[in-house]
Structures are given as C-alpha cells and as structure tokens.
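Structure assessment
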Amino acid sequence: MELEVIQNKIHEIRGYKVMLDFDLALLYGVENKRLKASVRRNIHRFPLDFMFEITEIEFANLRTKFSSSSYGGLRYMPFAFTEQGIAMLSSVLNSEKAIAVNISIIRAFVTFRQFSLTYNELKDRIIEIENQFPDIYKALNYLVDKDTNSITSTERTKIGYKK
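Reference entry: report on the structure contained in this document. Computed from a prediction, not measured in an experiment: that's the story for all the values here.

Side note on the packing of helix α2 (residues 21-28) against helix α3 (residues 32-41)
Taken N-terminus to C-terminus, the directions of α2 and α3 make an angle of 110°; their axes are 8 Å apart at the nearest point. Regarding the angle of α2 to α3, the classification is roughly perpendicular. Across the interface between the two elements, D21, F22, L24, A25 and Y28 from α2 touch N32, L35 and K36 from α3. Taken together, the residues of the contact of α2 with α3 break down into five nonpolar, one polar and two charged.

Here is the structure:
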C-alpha cells in the first residue's frame with residue numbers, strides 16, 4: 001500500500017489527524033456499512049479520542065475533497081478514526097488484509113508526525129536566531145516593509161483621454 005495514497009485520505013478535524021470510515025472501508029476492501037456495524041458492535045473499544053461521528057458542518061467543510069454516494073448524499077455522517085482508533089479497528093476487523101492495511105496506515109501517521117516535529121524544530125530555530133540578532137531582524141523587516149510600501153505608493157502617469 002502506497003503511503004501517498006493513505007496520506008491523501010488523512011484529514012484534520014477537531015485538532016485530530018483522522019481518516020473517515022468510507023476511506024478505511026475502501027482500503028480494507030469491506031463495505032462501509034459492515035465496517036460501521038462492526039464498530040457499533042464493539043463501541044466500548046472506541047472512546048471519543050479514538051473515534052467520533054463528524055457533524056454536518058465538519059462534513060460540509062470536507063465535501064470538496066471527496067465524492068458522496070450515488071444516492072445524492074450520505075445517509076449518515078461518517079465516523080472519523082484517529083490513529084489509536086485505526087489501531088483498535090484492526091482488532092475488530094480481524095483479517096490478513098486489515099492487518100496489512102493497518103500497518104501501512106500507522107506508517108503514514110508516523111510520517112506525518114515526523115514532518116510536524118521537523119517543522120516545529122525549524123520554527124523554533126528561526127525564533128532563536130531572531131532573538132540572538134534582534135537588530136538584523138528589525139533591519140530586514142524594515143527593508144521588506146519599505147519595498148512593499150514603495151511599490152504601492154508610486155504615482156504613475158494616467159493613460160487615456162484627458163479632459
């Protein structure tokens with residue numbers, strides 16, 4: 001399973017990186033209603049930080065990223081599974097394919113986490129440099145602001161008919 005395919009199916013909702021039930025059903029090769037039925041039978045395994053049902057507003061914000069069912073929309077709002085919820089899902093869907101797909105999904109989440117850490121380290125390093133050299137930072141900001149102001153405030157000769 002390619003990591004890029006999985007990473008495109010990871011969304012951020014309520015501050016969590018999640019995958020939606022219909023994307024997971026497609027990856028696992030099961031019907032979405034079977035996946036939801038398995039989750040509902042084992043609902044005690046899925047606390048709110050593992051899985052939650054998204055609201056209509058949250059779904060409307062994500063709607064442009066994927067297509068809905070051929071019946072003119074979804075009948076029920078999808079479940080959103082966090083990384084821990086997906087790991088728990090492997091115990092509910094106990095098949096060879098589910099285990100292999102779960103391993104790939106967990107690797108995709110780990111890749112996201114590593115990128116996030118690298119980005120935060122870079123941000124912290126830039127702030128540290130700004131604090132060490134405040135005069136240079138102020139001078140660079142002044143030059144950037146001066147250039148943007150001079151571009152917008154220059155008067156040009158008007159073109160066209162003059163009265």
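Topic: the pairing of strand β2 (residues 16-20)
Relative to β2, strand β1 (residues 10-13) is paired through four bridges, and the arrangement is antiparallel. Along β2, the bridge assignment pairs I10 with M19. Between the antiparallel neighbours β1 and β2 lie two residues, among them R14 with a positive phi of about 55°. Of the pairings in the sheet, the one linking β2 to strand β4 (residues 79-81) comprises two bridges and is antiparallel in character.

Overview of unusual backbone geometry
The backbone of R14 shows a phi angle near 55°, a positive value even though the residue is not glycine. Look at R14 and you get partly exposed, because its relative accessible area is 44%.

What to know about the sheet that holds β4
Each strand in a sheet pairs with its neighbour through backbone hydrogen bonds, running either in the same direction (parallel) or in the opposite one (antiparallel). Judged by pairing direction, the sheet is antiparallel, and its four strands sit side by side in the order β1-β2-β4-β3 without closing on themselves. Edge strands, defined here as strands with exactly one partner in the open sheet, are β1 and β3 (51-53). Averaged over all pairs of adjacent strands, the angle between strand axes in this sheet comes to 45°, irrespective of strand direction. The pairing of β3 with β4 spans three bridges and is antiparallel. Pairing of E53 across the sheet is with F79, part of β4. Lying over the sheet, α2 contacts β1, β2 and β4, oriented at roughly 60° with respect to β2. The strands touched by helix α5 (residues 83-92) are β2 and β4; relative to β4, the strand with the most contacts, the crossing angle is about 95°.

Reading the values: rules and limits
- Residues numbered from 1 in each chain as written.
- Predicted model: local features only at pLDDT ≥ 70, side-chain atom pairs only at ≥ 80, totals over all residues.
- Heavy atoms only, no water.
- Axes fitted to C-alpha atoms, helices over the stretch in contact; angles between N-to-C directions.
- Helix = DSSP H or I, 4+ residues; strand = E, 2+ residues; numbered from the N terminus.
- Parallel < 35°, antiparallel > 145°, perpendicular 65-115°, else oblique.
- Contact = heavy atoms within 4.5 Å.
- Nonpolar A, V, L, I, M, F, W, Y, C, P; charged D, E, K, R; others polar.
- Pairing = 2+ DSSP bridges.
- Buried < 20%, exposed > 50% of the residue type's maximum accessible area, 1.4 Å probe, protein only.

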